[in-house]
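As a plain string of letters, each chain reads:
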Amino acid sequence: MARDNPVVNNQNQTPIFQNYSLSNFHKIKQLQKFDKDFLFEIEVVGNVLPFKINNYVLDNLIDWDKAPEDPIFALTFPQKGMLEKEDFDTIANALKGKKSKKEINLLANQIRARLNPQPAGQIELNSPTFQGTKLLGLQRKYRETALFFPRQGQTCHAYCTFCFRWPQFAGLDELKFASKKFDDEIRFIEQNKNLTDILITGGDPMTMNYKVFSSYIEKLLKADIRHIDIIRIGSKSLAYWPYKFTEKKESGKFLKLFEKIVNSGRQLAFMAHFSHYRELQTEVVKNAISRIRSTGAIIRTQSPVIKRINDDPKIWIKMLKEQARLGCIPYYMFIARNTGAYNYFNVPLVRAWEIFRDTYKSVSGTARTMRGPVMSCLYGKIQMLGVAETEKNNVLALRFLQAREPDWVQQPFFAEYKPDAMWFTELKPAFGKEKFFFQ
Ligand SMILES: *Cc1c(COP(=O)(O)O)cnc(C)c1O
Ligand code: SF4
């Protein structure tokens, strides 16, 4: 693997975050081995779906000898197949015809609108109302857990090609659901005593600098809401910019703040998004994991199962073993949501279940804490339990791990066998029933 690395690994120095987006992607030196046509494909797709990468991912994670088939390349670089051929040609012709930025963006917006930019009714259904106004920075779908979206955390260190938050990165909904203040949200949390968990999410909240990040945490700690037992931080930073927890400038302050959360008598759960074992293999990520754990925080891991990136149990087995060894707790295997370049990346539910099963049976109990494969859909988190045989035919067995109605949880239900279905909406109730029990 090319390890021509300009970034300083020593934790006593501050590595420089070099950011590449579509506007300067030609400057990425590793791309110089590809021909013009290939670079043009990246540019075409990058005009519709968001692209962002940094020097750590370029220099340490992607195996350039294997690109474009390399999984981390597929995780981060736009690829031709992500758009339907017609849509690809529309943008390609517009670029070749030297159309203006504005015209190209109009065409891109038409394509984006067809890629299901708001799956599972996130804003309409999940934002609570407090004293007559919608709290756009908060989402509460499940009784115990509220999601908080700090305004300055609505970006990531690099973008995943399959990301379900792509519309926000593409500027489609202008951070509609993000908050700057966190005062009304805190009062809402205070009054809702069923809430035990606050999940700070984004984007990636760990893109915030210390001053901004700590202002939110300090507000929450100061409110000292006794029924909040667990503060979770959802982040891909361990995979995309682990220097956040090792570099000299601010990492010590972040870790102190983590300790402060733990010392408030609460659990700090760092919900880390890892998609491939390679993200766990650099010295700096191992160091970062160890430093986070030394604060008393626990690290739970999750990822969707994605074609071209990790749709092979061997990858998951290796990833889970590595996570368990490093003291991380596997949490969820997701099915990627039905949005964006979903047709290009998603695996059928039955295939996802096979990957889950082959993984689960090959690791020790300490890694069998992972649950899945799970679809986060309108009704809740539905787990694909497997293919079950009946006297007549096969059916799909499912259950809720989380639901809008807490009582739906853990009741097995059945759908007709459909080997190519990729999302819940493609399923029909089994045994000739008209509806699923929760509809
Ligand atoms: C996944 C999710 C949660 C967290 O669910 P847990 O099972 O507690 O991890 C909370 N809110 C929403 C909207 C979610 O999608
Ligand atoms: S880290 Fe999460 S929010 Fe950020 S680009 Fe990847 S999938 Fe999207």
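Here the structure is a predicted model, which is why all the values come from computation and not from measurement.

Novice: What exactly am I supposed to notice about helix 12 (residues 283-293) here?
Specialist: A turn of α-helix holds 3.6 residues, and therefore any two residues three or four places apart point the same way. When we look at burial in helix 12, the residues that qualify are V284, V285, A288, I289, R291 and I292. Angularly, the buried residues of helix 12 cover 165 degrees about the axis, an arc narrow enough to put them on a single face. Summarising the contacts, the buried residues of helix 12 are in contact with helix 2 (55-61), helix 10 (237-240), helix 11 (251-263), strand 9 (267-273) and strand 10 (298-305).

Novice: What's the story with the state of the cysteines in this structure? I'm lost.
Specialist: Formally, a disulfide is one covalent bond, and it connects the sulfur atom of one cysteine to the sulfur atom of another. Enumeration according to the criterion identifies 0 disulfides in this entry. Its sulfur unpaired, C328 is 17 Å from the next cysteine sulfur, which belongs to C160. The buried category is assigned to C328, whose relative accessible area is 3%.

Novice: Would you take a moment to explain the nonpolar core for this structure?
Specialist: Nonpolar side chains in soluble globular proteins tend to be buried together. Grouped together as the largest cluster of nonpolar side chains are 139 residues, with contacts concentrated most on L31, F77, L238, F258 and F270. In this structure F77 touches I28, L31, I42, F51, I53, L58, I62, W64, M82 and T161, once residues within four positions along its chain are discounted.

Novice: Looking at this structure, how should I read helix 4 (residues 85-96)?
Specialist: Compared with the 16 Å implied by 1.5 Å per residue over 12 residues, the 16 Å span of helix 4 between its first and last C-alpha is a close match. In the core, the buried residues of helix 4 are packed alongside helix 1 (36-46) and helix 5 (101-113). Where helix 4 ends, the next residue or the one after it, K98, has phi of about 55 degrees, a positive value.

Novice: Honestly, the pairing of strand 13 (residues 380-389) in this entry has me stumped. Any pointers?
Specialist: Where a strand is regular, its side chains alternate between the two sheet faces. Sheet topology note: the strand 12 (residues 371-377)/strand 13 ladder contains 4 bridges and is antiparallel. By the bridge assignment for strand 13, S376 is matched with K381. Linking strand 12 to strand 13, which pair antiparallel, is a turn of 2 residues. As defined by bridge partners, strand 13 adjoins strand 14 (residues 394-403) across 9 bridges and the pair is classed as antiparallel. Residue I382 lies in a different strand from strand 14, and its bridge partner there is F400. Connecting strand 13 to the next strand, strand 14, in antiparallel fashion are 4 residues.

Novice: What am I meant to see in the site of ligand 1 here?
Specialist: Inspection of the region around ligand 1 gives K141, Y142, T145, L147, R232, Y331, Y332, S376, K381 and Q402 as its neighbouring residues. One of the side-chain N or O atoms of Y332 is found 2.5 Å from an oxygen atom in ligand 1. Here an oxygen atom of ligand 1 and a side-chain polar atom of K381 are 3.0 Å apart. Expressed as a share of its isolated accessible area of 390 Å², the protein-covered part of ligand 1 is 88%. Counting residues per element, the ones that place at least two in the shell around ligand 1 are strand 5 (138-142), strand 6 (145-148) and strand 11 (329-335). Here the shell around ligand 1 is composed, by residue class, of 4 nonpolar, 3 polar and 3 charged.

Novice: Would you mind showing me how to read the confidence of the model for the protein chain here?
Specialist: In regions of low pLDDT, the predicted coordinates are not meant to be interpreted in detail. Summing up the model confidence of the protein chain, the mean pLDDT is 92 and the portion of residues at 70 or higher is 94%. In the model, residues 1-9 has pLDDT below 50 throughout and makes 21 contacts with residues more than four positions away in sequence or in other chains.

Novice: Help me understand the environment of G132, please; the structure alone is not making it clear to me.
Specialist: Looking at where G132 falls in the secondary structure, it is placed in the loop between strand 3 (129-130) and strand 4 (133-134). The exposed category is assigned to G132, whose relative accessible area is 69%.

Novice: What exactly am I supposed to notice about the site of ligand 2 here?
Specialist: Lining the immediate surroundings of ligand 2 are C156, Y159, C160, C163, F169, G203, K236 and H273. A per-class count over the shell around ligand 2 returns 5 nonpolar, 2 polar and 1 charged.

Novice: Before we go on, may I ask you to explain unusual backbone geometry in this structure?
Specialist: The phi angle of most residues is negative, glycine excepted, and most peptide bonds adopt the trans form. A cis geometry characterises the amide bond from A67 onward to P68, with omega recorded as 5 degrees. Residue placement: P68 occurs in the loop between helix 2 and helix 3 (71-76). Following G202, the chain continues into G203 via a peptide bond in cis, with omega recorded as 20 degrees. Here G203 shows up in the loop between strand 7 (197-200) and helix 9 (210-223). In this structure, Q410 takes a positive phi of about 70 degrees despite not being glycine. Topologically, Q410 is positioned in the loop between strand 14 and strand 15 (413-416). The class of Q410 is partly exposed, set by a relative accessible area of 47%.

Novice: Would you take a moment to explain the packing of aromatic side chains for this structure?
Specialist: By convention here, two paired aromatic rings are described through the distance between centres and the angle between planes. Under the criterion given, the structure shown has 41 aromatic pairs. Aromatic pair F400 and F438: ring centres 4.8 Å apart, planes at 80 degrees, arrangement edge-to-face. Here F400, found in strand 14, pairs with F438, found in the segment after strand 15; they are 38 residues apart in sequence, far enough to count as distant. There is no split in this pair, since F400 and F438 are both buried. What links up through ring pairs into an aromatic cluster is the set Y379, F400, W408, F413, F424, F436, F437 and F438. The ring of Y331 carries the charged tip of R371 above its face, separated from the ring centre by 5.1 Å.

Novice: What is the right way to read the pattern of salt bridges from this model?
Specialist: Pairing between side chains becomes possible if they bear opposite charge and their charged atoms approach one another. According to the stated counting rule, one finds 17 salt bridges in the structure shown. Where E354 meets R351, a salt bridge forms, and the shortest distance between an N and an O atom there is 3.3 Å. One end of the pair, E354, and the other, R351, are both in helix 15 (residues 349-360), 3 residues apart, so they sit about a helical turn from each other. Assessed through its relative accessible area of 30%, R351 is described here as partly exposed.

Novice: How should I be thinking about the side chain of D197 in this particular structure?
Specialist: You can see D197 is positioned in strand 7. Residue class for D197 comes out buried when judged on its relative accessible area of 8%.

Novice: Teacher, can you tell me more about the packing of helix 9 against helix 11 here?
Specialist: Each pair of packed helices can be described by the angle between their axes along with the distance between the axes. At a closest axis distance of 11 Å, the pairing of helix 9 and helix 11 adopts a crossing angle of 10 degrees. Relative to helix 11, the element helix 9 lies roughly parallel. Residue-level inspection shows Y210, F213, S214, I217, E218 and L221 of helix 9 in contact with helix 11, the latter providing K253, F254, L257, F258, K260 and I261. Class assignment for the residues of the contact of helix 9 with helix 11 results in 8 nonpolar, 1 polar and 3 charged.

Cut-offs and rules
Residues numbered from 1 in each chain as written. Chains lettered and ligands numbered in written order. Predicted model: local features only at pLDDT ≥ 70, side-chain atom pairs only at ≥ 80, totals over all residues. Heavy atoms only, no water. Buried < 20%, exposed > 50% of the residue type's maximum accessible area, 1.4 Å probe, protein only. Helix = DSSP H or I, 4+ residues; strand = E, 2+ residues; numbered from the N terminus. Arc of directions from axis to C-beta. Contact = heavy atoms within 4.5 Å. Disulfide = S-S within 2.5 Å. Core = buried A, V, L, I, M, F, W, Y, C linked by side-chain atoms within 4.5 Å. Expected span 1.5 Å × (residues − 1). Pairing = 2+ DSSP bridges. Near = heavy atom within 4 Å. Polar contact = N/O pair within 3.5 Å; in protein donor to acceptor, adjacent residues only side chain to side chain. Areas by Shrake-Rupley, 256 points an atom, 1.4 Å probe, with all protein chains shown as cover. Nonpolar A, V, L, I, M, F, W, Y, C, P; charged D, E, K, R; others polar. pLDDT = per-residue confidence, 0-100. Phe/Tyr/Trp six-rings, centres within 6.5 Å; stacked < 30°, edge-to-face > 60°. Lys NZ or Arg CZ within 6 Å of the ring centre and 35° of its normal. Salt bridge = Lys/Arg side-chain N within 4 Å of Asp/Glu carboxyl O. Axes fitted to C-alpha atoms, helices over the stretch in contact; angles between N-to-C directions. Parallel < 35°, antiparallel > 145°, perpendicular 65-115°, else oblique.

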